Amino acid sequence: MDSEEIFNAIFNEKNFFMIAGPCAVESEEQIVSAARFLRSRGVMILRGGAYKPRTSPDTFQGLGEEGLRMLAKAREVTGMLVVTEVMDPEHIPIVSRYADILQIGSRNCQNFPLLRAAGSTGMPVLIKRGFGNTVSEFLHAASYVSKQKNDRIILVERGIRTFETSMRFTLDVAAVPVIREQVPYPILVDPSHPAGKSKYVRPLAMAGVGAGADGLMIEVHPSPGDALSDAEQQLDFQEFETLQNDVGRMLSAMGRNVLGIAESP
Ligand code: PEP
Ligand code: MN
């Protein structure tokens, strides 16, 4: 499938779809190995950060353009589409040369100049809900993109901050049906960031699918213990397969069309 066919399947035909890959691009070997595995499992869109929004400036900040080149290599090898985060309007020209979809992270959900700049490229824009934002604020963020005459928007619920600290963030599954009735954009669930730990990813993914999400965005790493960011929450290949099998059964019970699952590379 070429990129327009994939975009048609997700934006017009409303197929359920997966976005998966490591938190950050760490090496060519790491990203290509993740991409090959995921593509063999029918996943069509690869994630991986090259510019990472880290809480501490003393931790791994991403490989920048070098990381973008590695993502492009993974795309060339597998034919997957690539989504990666932009943190600054200045990054947009370079990121748009390598990526297929621009990601606006949770911390930038209300960075209005960035939303406008991303929208004005005409590329699909994936927006993650700010962890301190209401659904209404999240939808206003999407309006900043759509006002640029760009309605290829993907929304991602990734957990919000509440009084509950038993997981990293509180996944707001209620946002899924609420957003669904208000805007026509695909609404995905990212179970990885609210889980914070790999053992919680599968139950949160199932909850998201049950709530009617149009897809999942999941962190998968060839060797999660060695990851340079979010090591505890990334799934290894075996864990991803288990999750995908369970989600697949749920989706068929729900009668949903799925992008990619039955396809071989
Ligand atoms: C990510 O998905 O790479 C990420 C940094 O997540 P979030 O913006 O949701 O924290
Ligand atoms: Mn991460």
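Below you will find a few notes about this structure. These numbers were taken from a predicted model, which means no experiment stands behind them.

**Section: the overall build of the chain**
Broken down by element type, the chain carries 10 helices and 8 strands. The C-alpha atoms of the chain give a radius of gyration of 17 Å, which matches the 18 Å a tight globule of 265 residues would have. Projected onto its principal axes, the C-alpha coordinates of the chain cover approximately 40 × 40 × 40 Å. Counting only residues that meet the buried cut, the chain has 54% of its 265 residues in that class.

**Overview of helix α6 (residues 135-146)**
An α-helical turn contains 3.6 residues, so any two residues separated by three or four positions project in the same direction. In this model α6 runs 16 Å from its N-terminal to its C-terminal C-alpha over 12 residues, within 8% of the 16 Å that 1.5 Å per residue would give. Within the sequence span of α6, burial applies to Val 135, Phe 138, Leu 139, Ala 141, Ala 142 and Val 145. The arc that holds every buried residue of α6, seen down its axis, measures 150 degrees, which confines them to one face. Along its buried surface, α6 packs onto α5 (112-120), β5 (125-128), β6 (153-157) and α7 (175-182).

**Topic: the site of ligand 1**
By nearness alone, every residue bordering ligand 1 is listed as Arg 47, Lys 52, Pro 53, Glu 85, Gln 103, Gly 105, Ser 106, Arg 107, Lys 128, Arg 158 and His 193. Residue Arg 47 places a side-chain N or O atom 2.7 Å away from an oxygen atom belonging to ligand 1. Contact distances for ligand 1 include 3.2 Å between an oxygen atom and a side-chain N or O atom of Gln 103. A total of 290 Å² of accessible area belongs to ligand 1 in isolation, and the protein chains cover 96% of it.

**Describing the side chain of Ser 192**
As for its position among the elements, Ser 192 is in helix α8 (residues 192-195). Here the side chain of Ser 192 touches Glu 219 through a polar contact of 3.0 Å, landing on its backbone nitrogen. Those residues in contact with Ser 192, other than ones at most four positions away along the chain, are Val 201, Met 217, Ile 218, Glu 219 and Gln 233.

**What to know about the side chain of Glu 219**
Among the structural elements, Glu 219 can be located in strand β8 (residues 215-219). Here His 193 takes part through its side chain, which lies 3.0 Å from a polar atom of the side chain of Glu 219.

**Regarding the coordination of the manganese ion (ligand 2)**
As a benchmark, a tetrahedral metal site with four donors has ideal angles of 109.5 degrees, while an octahedral site with six donors has ideal angles of 90 or 180 degrees. Distances from the manganese ion (ligand 2) to its protein donors, namely Cys 23 (SG), His 193 (NE2), Glu 219 (OE) and Asp 230 (OD), fall within the range 2.0 to 2.4 Å. Read from N- to C-terminus, the donor residues coordinating the manganese ion (ligand 2) fall into the pattern C-x169-H-x25-E-x10-D. Of this pair, Cys 23 sits in the loop between β1 (17-21) and α2 (28-40) while His 193 is found in helix α8, placing the two residues 170 residues apart along the sequence. We note that Cys 23, like His 193, is buried.

**A look at the sheet that holds strand β3 (residues 81-85)**
Judged by pairing direction, the barrel is parallel, and its 8 strands sit side by side in the order β1-β2-β3-β4-β5-β6-β7-β8 before closing back on the first. Neighbour-to-neighbour, the strand axes of the sheet open up by a mean angle of 25 degrees, direction not taken into account. On the sheet, α5 packs against β4 (101-104) and β5 and is oriented at approximately 170 degrees with respect to β4. Contacting β6 and β7 (187-189), α7 crosses the sheet at an angle of about 165 degrees to β7.

**Re unusual backbone geometry**
Located in the positive-phi region is Lys 149, a residue other than glycine, with phi close to 60 degrees. By secondary structure assignment, the location of Lys 149 is in the loop between α6 and β6. The backbone of Asp 230 sits at a positive phi, close to 45 degrees, despite the residue not being glycine. The residue Asp 230 is located in the loop between β8 and α10 (237-253) in this model.

**A look at the packing of aromatic side chains**
Counted under the stated rule, the structure contains 5 aromatic pairs. For the ring pair Phe 112 and Tyr 144, a centre distance of 4.5 Å and an interplane angle of 25 degrees mean the geometry is stacked. With Phe 112 in helix α5 and Tyr 144 in helix α6, this residue pair connects regions lying 32 residues apart in the sequence. Counting every residue linked through ring pairs, the aromatic cluster contains Phe 37, Phe 237 and Phe 240. The ring of Phe 169 has Arg 158 lying over it, and the distance from NZ or CZ to the ring centre is 4.2 Å.

What counts and what doesn't
Residues numbered from 1 in each chain as written. Chains lettered and ligands numbered in written order. Predicted model: local features only at pLDDT ≥ 70, side-chain atom pairs only at ≥ 80, totals over all residues. Heavy atoms only, no water. Helix = DSSP H or I, 4+ residues; strand = E, 2+ residues; numbered from the N terminus. Rg over C-alpha atoms; globule rule 2.2 N^0.38 Å. Buried < 20%, exposed > 50% of the residue type's maximum accessible area, 1.4 Å probe, protein only. Expected span 1.5 Å × (residues − 1). Arc of directions from axis to C-beta. Contact = heavy atoms within 4.5 Å. Near = heavy atom within 4 Å. Polar contact = N/O pair within 3.5 Å; in protein donor to acceptor, adjacent residues only side chain to side chain. Areas by Shrake-Rupley, 256 points an atom, 1.4 Å probe, with all protein chains shown as cover. Donors = N, O, S within 2.8 Å, 3.2 Å for Na, K, Ca; no water. Pairing = 2+ DSSP bridges. Axes fitted to C-alpha atoms, helices over the stretch in contact; angles between N-to-C directions. Phe/Tyr/Trp six-rings, centres within 6.5 Å; stacked < 30°, edge-to-face > 60°. Lys NZ or Arg CZ within 6 Å of the ring centre and 35° of its normal.

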